[in-house]
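Listed here are the chains, written in short residue letters.
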Amino acid sequence: LIAIDKVWAGWALVAIYATYLVRALRWRILTRHVKSDPSLWGLFSATVIGFAAIGVFGRAGEMVRPYLVARKERLPLSSQLAVWLVERCFDTLTLLITAAFALRSFEAAGLQSTPALTRALQTGGSVVAYSTLALVLLMVALRRWAEPASEWLIQRIPHRWTGLEHHLRSFEEGTRSVRHLGTLIACTLYSIAEWILIALCYAAVFNSFSGGLRLS
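Along each chain, numbering runs from 1 in the same order as the chain's sequence is written. The model is predicted, so local features are restricted to residues of pLDDT at least 70 and side-chain atom pairs to those at 80 or more, both for listing and for counting; the totals for chains, interfaces and linings are taken over all residues. Hydrogens and water molecules were not included; the side-chain quantities draw on all heavy atoms of the structure.

Student: What is the right way to read the packing of aromatic side chains from this model?
Tutor: Any aromatic ring pair is given by two values, namely how distant the centres are and how the planes are angled relative to each other. Here is the rule: rings of Phe, Tyr and Trp (six-membered ring for Trp) pair when centre to centre is within 6.5 Å. Planes less than 30 degrees apart are stacked, more than 60 are edge-to-face, and the remainder are tilted. A complete count under the given rule lists three aromatic pairs for this structure. A centroid spacing of 5.5 Å and a plane angle of 90° characterise the contact between Tyr17 and Tyr20, whose relative ring orientation is edge-to-face. Of this pair, Tyr17 and Tyr20 both sit in helix H1 (residues 6-31), three residues apart, which is roughly one turn of that helix. Type-normalised accessible area, obtained with a 1.4 Å probe on protein chains alone, sets the label of each residue: buried when under 20%, exposed when over 50%, and partly exposed for intermediate values. Taking relative accessible area as the criterion, Tyr20 reaches 14% and is therefore assigned buried. Plain terms: the ring middles of Tyr20 and Phe51 are 5.6 Å apart, the flat faces sit at 35° to each other, and that makes the pair tilted. Every helix listed is a DSSP run of H or I at least four residues long, and every strand listed is a run of E at least two residues long, numbered separately from the N terminus.

Here's what the structure looks like:
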């Protein structure tokens, strides 16, 4: 503990809690099409607890956050699972675009590479490109066909399965945010801010334990 730079450790804590706040703000925008005024504090606390659950249970802990939001805001769980899916799309797209810029920067720098590294970069570029395309298509599908698809399924569900009908309608309501341009723009900006803060957090953590080395 003596070797830790306490100033940089403090900045790391500020950055990580700022990412939780940005995530809560983004979730609030995505949820407004289900509930007009969700509690920011409730969303923030659910975000903090949700990411703590990921640290304990791994990716299975991802479901803790939508569950807590649904409980705190008294919303159907299926609607918050839809919000979680949309949020994951934004995060993954932002990460893929960042990876694409990183690959492009490596090539533009003209650094010497081996055939194995060249193949790895080409494979990585292909994975990024196809993954980005798949996510864009998923977002378009949610935007254009979520409601018609849910109505088509509901019409074919036996009347005794009213619970399933309710969950389908709630899930469709949770995807309505992607139909509004203002929401898409706001979520894109929040996603960019979030990943900048994550990068700052990693830099601050490195500087905290680097023993004098600095990552700029």
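More follows now that the structure is in view.
Student: Sorry, what's going on with helix H2 (residues 40-57) here?
Tutor: An expected span of 1.5 Å times one less than the residue number is assigned to each helix. Between its first and last C-alpha atoms H2 spans 25 Å; for 18 residues at 1.5 Å apiece the expected length is 26 Å, and the two agree. Within H2, burial applies to Gly42, Leu43, Phe44, Ser45, Ala46, Thr47, Gly50, Ala53 and Ile54. Those residues of H2 hidden inside the fold are in contact with H1 and helix H3 (64-73). Measuring from the backbone nitrogen of Trp41 back to the side-chain oxygen at the start of H2 gives 3.5 Å, which picks out Ser39 as the cap. Taken from the residues just after H2, Gly58 is the one with a positive phi, measuring 80°. Contacts were defined at the residue level, with two residues in contact if any of their heavy atoms lie within 4.5 Å. By the criterion applied in these results, polar contacts are pairs of N or O atoms within 3.5 Å in which, for protein atoms, one can donate a hydrogen and the other can accept it, and in which residues neighboring in sequence qualify only through two side-chain atoms.

Student: Please explain the pattern of salt bridges as it appears in this structure.
Tutor: Any two side chains of opposite charge can pair, so long as their charged atoms come close to each other. A pair is scored as a salt bridge if a Lys or Arg side-chain nitrogen falls within 4 Å of a carboxyl oxygen belonging to Asp or Glu. Evaluated as defined, the whole model comprises 14 salt bridges. Here Arg65 ties to Glu87 by a salt bridge, and the two come within 2.8 Å at their closest N and O atoms. Linking Arg65 in helix H3 with Glu87 in helix H4 (residues 77-108), this pair joins segments that are 22 residues apart in sequence. The same class applies to Arg65 and to Glu87, which are both buried. One network of salt bridges, with partners in common, ties together Arg23, Arg26, Arg59, Glu62, Arg65, Glu87, Arg88, Asp91 and Glu194.

Student: For this particular structure, what's the right way to read a nonpolar patch on the surface?
Tutor: Like-charged residues are merged into a patch within 9 Å and nonpolar side chains (Val, Leu, Ile, Met, Phe, Trp, Tyr) within 5 Å, provided each residue has over 30% relative accessible area and no salt bridge. Areas reported here follow the Shrake-Rupley algorithm with a probe of radius 1.4 Å; residue values treat only the protein chains shown as occluding. Together, Leu181, Ile185, Leu189, Ile192, Ile196 and Leu200 line one region of the surface with nonpolar side chains, adding up to about 590 Å² of accessible area. Residue class for Ile185 comes out partly exposed when judged on its relative accessible area of 45%.

Student: Looking at this structure, how should I read the packing of H1 against H2?
Tutor: Helix packing geometry: the angle between the two helix axes and the distance between the axes. Where H1 meets H2, the closest approach of the two axes is 8 Å, and the angle between their N-to-C directions is 125°. By the angle class used here, H1 and H2 are oblique. The handedness of the crossing between H1 and H2 comes out as right-handed. In this structure, H1 uses Tyr17, Tyr20, Leu21, Arg23, Ala24, Leu25, Trp27 and Arg28 to contact H2, whose residues at the interface are Leu40, Leu43, Phe44, Thr47, Val48 and Phe51. We call Asp, Glu, Lys and Arg charged. Ala, Val, Leu, Ile, Met, Phe, Trp, Tyr, Cys and Pro are nonpolar, and the rest, Gly among them, are polar. When its residues are assigned to classes, the contact of H1 with H2 shows 11 nonpolar, one polar and two charged. Axis lines are fitted to C-alpha atoms, over the contacting stretch for helices. Their N-to-C directions set the angle, which ranges from 0 to 180 degrees. We call two directions roughly parallel when the angle between them is under 35 degrees, roughly antiparallel when it is over 145, roughly perpendicular when it lies between 65 and 115, and oblique otherwise. Crossings are sorted by hand: turned counterclockwise from the far helix by less than a right angle, the near helix makes the crossing left-handed, and turned clockwise it makes it right-handed.

Student: Teacher, can you tell me more about unusual backbone geometry here?
Tutor: With glycine set apart, most residues show a phi of negative sign, and most peptide bonds adopt trans. Of note, the phi angle at Arg74 is positive, near 55°, even though the residue is not glycine. Tracing the backbone through its elements, the reader meets Arg74 in the loop between H3 and H4.

Student: Help me out: how do you make sense of H1 in this one?
Tutor: In an α-helix, one turn spans 3.6 residues; hence positions three or four apart end up facing the same way. With 26 residues, H1 ought to run about 38 Å at 1.5 Å a step, and its terminal C-alpha atoms sit 37 Å apart, in line with that. Measuring from the side-chain oxygen of the N-cap residue of H1 to the backbone nitrogen of Val7 gives 3.1 Å; that N-cap residue is Asp5.

Student: Even after reading the chapter, I still don't get the environment of Gly182, so can you show me in this structure?
Tutor: Tracing the chain through its elements places Gly182 in helix H7 (residues 181-209). With a relative accessible area of 52%, Gly182 lands in the exposed category. The sequence separation of Gly182 and Ile29 amounts to 153 residues, and the corresponding C-alpha distance is 9.9 Å.

Student: What exactly am I supposed to notice about the packing of H1 against H7 here?
Tutor: Viewed as axis vectors pointing N to C, H1 and H7 meet at an angle of 165°, and their least axial separation amounts to 8 Å. Classified by the angle their axes make, H1 and H7 are roughly antiparallel. For the pair H1 and H7, the sense of crossing is left-handed. Class assignment of the residues belonging to the contact of H1 with H7 gives a composition of 19 nonpolar, five polar and three charged.

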